[in-house]
Each structure stands twice: as structure tokens, then as C-alpha cells.
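Descriptive analysis of the structure
As a plain string of letters, each chain reads:
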Amino acid sequence: MLKDYPLKINGIKIITAESWREERAVVENIYQTEAGTDQVSVTRRDKMTVSASYRCSSRWLKIFLELSKTDPLSVDMYDAEAEGYKTRIMRMRNFRSDLAKQSERLERTEGIWDVSFTLEEF
């Protein structure tokens, strides 16, 4: 079950995401030959980019903020091809946090936050 493979960033088990979108890219250079055909040089396959969003307490906001300032990140995530964990070296970009309406009135937390970011593989 997927619940047996929680996301881990730098060894920290991360709460379940509100949304999670993975994109896998092929890094390639395309040159046009003298004959007018394309010559493709593939540098890398399966370069991962993840868009994630979370609804979390101020405690988790602090953890995400600290991770956003750390490069590189060791990210352990479930990989369907491996049918288990795969570790990827990534960086966090496009970090955004929004305070949920009227959550500043809650006790035991400094608000509820909508956090989103992109994880980009090196």
C-alpha cells in the first residue's frame, strides 16, 4: 500500500500532500544536420519535477521553510517502476505559503497554512 511509503525529505517523514503531480522529462539536445535531419543527443532520461501542495499547521510551515533553504535535498519517494522507495537528489523552488482564512484564531498553532512548492531533480 502507498501509505507504507511516506515521502521523506532529508530523513523527515512528511505529512500527506493535498496534491502531488510528478513530471518526468528527457534532457536532450537536438541538432540539425547538413542534410536537414535532426540528430538527437539524449543527456538524461527520467528527470523528475514534482509540484506539491499541503494544508498544514505553523509547525509544518516552519519545517517546509527550513527545507526550502537547503540544497541539495535527499528525497525518498515511492517509485512505481521500482515498486518501492527511490532516492532522488532535488532542490525546492517556487515556495509559497498562504494563511487560511480565520485560522489565526486557532489555539495551539499560529494558523493553518496552504503551502506549495516544486521539487526539481538535479
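Everything in this summary refers to the structure shown in the same document. This is a predicted model, so every value here is computed, not measured.

**Digging into the sheet that holds strand β5 (residues 73-79)**
One open sheet accounts for seven strands, arranged β2-β1-β5-β6-β7-β4-β3; its pairing is antiparallel. Here the strands that pair on one side only, and so sit at the sheet edges, are β2 (12-13) and β3 (19-32). Two strands pair when backbone bridges link them, and strand β1 (residues 8-9) and β2 are joined in this way by two bridges, in the antiparallel orientation. The residue bridging Ile9 from the neighbouring strand is Ile12, located in β2. Sheet strands touched by helix α1 (residues 58-68): β1, β2, β4 (38-57), β5, β6 (84-99) and β7 (112-121). Its angle to β4, the strand with the most contacts, is close to 155°.

**Re the pairing of β5**
β5 sits mainly inside the fold: five of its seven residues count as buried. With two bridges joining them, β1 and β5 adopt antiparallel strand pairing. What sits directly across from Ile9, in β5, is Val75.

**A word on the pattern of salt bridges**
The final tally for this structure, using the stated rule, is 14 salt bridges. Between Asp71 and Arg93 there is a salt bridge, and its shortest N-O distance comes to 3.0 Å. One end of the pair, Asp71, is in the loop between α1 and β5; the other, Arg93, is in strand β6, and 22 residues separate them in sequence. According to the relative accessible area criterion, Arg93 is partly exposed, its value standing at 31%. When salt bridges with common partners are traced through the structure, they connect Glu22, Arg24, Arg44, Asp46, Asp79, Lys86, Arg88 and Glu121 into a single cluster.

Here is what the cut-offs are and how they apply
Residues numbered from 1 in each chain as written. Predicted model: local features only at pLDDT ≥ 70, side-chain atom pairs only at ≥ 80, totals over all residues. Heavy atoms only, no water. Pairing = 2+ DSSP bridges. Helix = DSSP H or I, 4+ residues; strand = E, 2+ residues; numbered from the N terminus. Contact = heavy atoms within 4.5 Å. Axes fitted to C-alpha atoms, helices over the stretch in contact; angles between N-to-C directions. Buried < 20%, exposed > 50% of the residue type's maximum accessible area, 1.4 Å probe, protein only. Salt bridge = Lys/Arg side-chain N within 4 Å of Asp/Glu carboxyl O.

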